[in-house]
Amino acid sequence: HYFYSRSLIELEKENQTLVPNKAWYPAKVDVTSPEGGKYSFPVYRWITDSKVQSFREGAGLWKYSLLSLPYDIRFSLTKTAEMVYIGEDTFFGYQFLNGTNPMLIQRCTQLPSNLPVTDKMVFPDGQHNLAEEIEKGNIFLCDYKLLDGVESNTINGNKQFLTAPLVLLWKNNADHLVPVAIQLKQKPKEDNPIFYPSDSEYDWLIAKMFVRSANFNLYELNAHLLRTHLLAEVFAVSLLRNLPMVHPLYKLLIPHTRYTLNINFLARMLLISKGGTFAKFTSSGGEGALTILRRSLSTLTYSSLCIPDDIAERGLKDVPNFYYRDDGLQLWEIISRFVKSTLAFYYKTDAEVQEDTELQNWIKEIFQYGFLSQESTGIPQKFTTVDEMVKFVTMVIFTCSAQHSAVNSGQYDFGGWMPNSPTTMELAPPKEKGTTTEKTILETFPSVNTTVHAMATVWLLSKQSSDSIFLGQYPEKHFTERFPLLKIKEFQEELKKLSADIKARNSSLDLPYTYLDPEVVENSVSI
């Protein structure tokens, strides 16, 4: 927005919803007055906030354009690209840590053999090199190999497109995670170019769009459906089959099964069924979704379900601005202390755990039916110690409450604006650089009716129910003894303190991370 007088112009930058505080660098403003007079107002400075900025007319002072500057004092191509893409790329990288899918990114200790990048292409300014940055722990990888060769969906009679990208990210000097290379298919070939930030605006943009679309399809089926909804059902069914209502583990876990079987029944009937809603707006809908689920099951390990082990395995202990990790680890510890102190009241020795046949049947059926008796998953087949039981029960509660909140609640926040998370792509990825235009980008986006289906679905799935029961709340009084009731009170106090700490942290963030605030984390997978 601007206000103009003959000697003064006022500029005001609009706030961007999805890219908060995105800076703007206007060169100048040329104005033609109603009388036909022409005036030029030089700016040439960054505008970073929404305050009104005033600039005087530059007649006699600023007679050159940016392009008329001598080459030796202009920005390099690299710096120009950096200026243009920095806000957008920073948000792209941010979402791998704090978006709906914080489960894929890992520290890169060795470049994949199928991603043949060079120092010159990744760091064209020559200021850094890959070997040193890998050694420093500054290079990260997101590999969508589970999507390789998946049969894509047909929507409105048109074949859709789904890629299996490799994304290389770099933690820059500002502690931001930014993409530095994107290859959209797994096998390096001449018709599978590697895209870089120094490419043309539209080449780099479409590469990121295909990544975001692949991310949506993998995340919804793996991190969301399989690793929260379907696992929560396994835990719940085994609980209902094997543990009587008077059992302490039944009392501890039954609040974390509320509505889960009901919501999963509806999902099977309406969302992921043949011809269901998912098939109407995603490139993986139909047979492809089943393929992705089968492949995802092979990656389902005990350690990947326990956030302290998972963060360590992926090398993410010291990544800055990783709020899913920070809040998640604290929640895990609070839940673990509550579980340990409560169950220790009933199980004084390891022998008591081993001799509890109902407890042993519960874990046995989870291993057998939930993890198909695959020892490679690391899931225990039986409990031999109190500590083993405590860790597993902690994982169950964390999965049903915190983990589901982390991957579910932000769906509309990050996916409500379709270009940030296209659920499908209607044109094939470019086979060479320089062929993408604004027109082809718009044609690649999903159609309007596809987008409407997607937006309605993610809005519904993100919506909090009016009868939600949040973590630490127990309207049904299953425990009656004084000691476990005391532990519940302590649990609630710890959650209350964590909530206050998260709110304090968020007050200084441009984009608050709220999904693991205990005040909004539901007890169970209920939506």
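Conventions we followed
Residues numbered from 1 in each chain as written. Predicted model: local features only at pLDDT ≥ 70, side-chain atom pairs only at ≥ 80, totals over all residues. Heavy atoms only, no water. UniProt positions renumbered as here; feature names shortened; annotations may be inferred. Pairing = 2+ DSSP bridges. Helix = DSSP H or I, 4+ residues; strand = E, 2+ residues; numbered from the N terminus. Contact = heavy atoms within 4.5 Å. Axes fitted to C-alpha atoms, helices over the stretch in contact; angles between N-to-C directions. Expected span 1.5 Å × (residues − 1). Buried < 20%, exposed > 50% of the residue type's maximum accessible area, 1.4 Å probe, protein only. Polar contact = N/O pair within 3.5 Å; in protein donor to acceptor, adjacent residues only side chain to side chain. Salt bridge = Lys/Arg side-chain N within 4 Å of Asp/Glu carboxyl O. Core = buried A, V, L, I, M, F, W, Y, C linked by side-chain atoms within 4.5 Å.

Under an unreviewed UniProt entry, the name given to the protein is Lipoxygenase domain-containing protein, and the organism recorded is Oreochromis aureus. For the record of the protein, the UniProt heading Subcellular location (unreviewed entry) holds the text "Cytoplasm". Per UniProt, the protein carries the Sequence similarities (unreviewed entry) text "Belongs to the lipoxygenase family."

Novice: So what about the sheet that holds strand E10 (residues 166-171)? Which residues, and what values?
Specialist: Across the sheet, five strands lie side by side as E6-E7-E10-E11-E12; this open sheet has antiparallel pairing. If you trace the sheet from one side to the other, it starts and ends with strand E6 (106-107) and strand E12 (194-195), each paired once. In terms of strand pairing, strand E7 (residues 139-143) meets E10 through five bridges, oriented antiparallel. Bridge pairing links Asp 143 to Leu 166 in E10. Each of E10, strand E11 (177-183) and E12 touches helix H4 (residues 201-242); the most contacted strand, E11, lies at about 90° to it.

Novice: Please give an account of helix H13 (residues 357-370) that cites residues and values.
Specialist: With 14 residues, H13 should reach 20 Å at 1.5 Å per residue; the first-to-last C-alpha distance of 19 Å fits that figure. Burial in H13 covers these residues: Leu 359, Gln 360, Trp 362, Ile 363, Glu 365, Ile 366, Phe 367 and Gly 370. Turning to H13, the residues buried within the fold contact H4, helix H5 (248-253), helix H8 (287-297), helix H12 (350-354) and helix H14 (386-408). Where H13 begins, the side chain of Asp 356 points an oxygen toward the backbone nitrogen of Glu 358, at a separation of 3.2 Å. Residue Leu 372 follows H13 closely and has a positive phi angle near 50°.

Novice: I'd love a proper account of the pattern of salt bridges, names of residues and values included.
Specialist: Applying the stated criterion to the full structure yields 19 salt bridges. The partner of Asp 326 in a salt bridge is Arg 325, and the shortest N-O contact between them spans 2.9 Å. Residue Arg 325 is classed as buried on the basis of its relative accessible area of 7%. We note a salt bridge from Lys 503 to Asp 517, for which the minimum N-O separation is 2.7 Å. Of this pair, Lys 503 sits in helix H18 (residues 482-506) while Asp 517 is found in the segment after H18, placing the two residues 14 residues apart along the sequence. What makes Asp 517 buried here is its relative accessible area of 7%. Shared partners join several salt bridges into a network, and the residues in it are Glu 88, Asp 89 and Lys 208.

Novice: Could you give me a rundown of the nonpolar core, with the residues and numbers involved?
Specialist: One finds Tyr 144, Trp 362, Phe 392 and Val 393 to be the most contacted residues of the largest nonpolar core, which totals 114 residues. No other element matches the 18 residues that H4 contributes to this core. Residues in contact with Trp 362, not counting those within four places in the same chain, are Phe 235, Ser 238, Leu 239, Asn 242, Leu 243, Leu 249, Leu 253, Phe 383, Phe 392, Val 393 and Val 396. With 17 residues, the next largest nonpolar core counts Val 117, Phe 123, Leu 130 and Tyr 196 among its residues.

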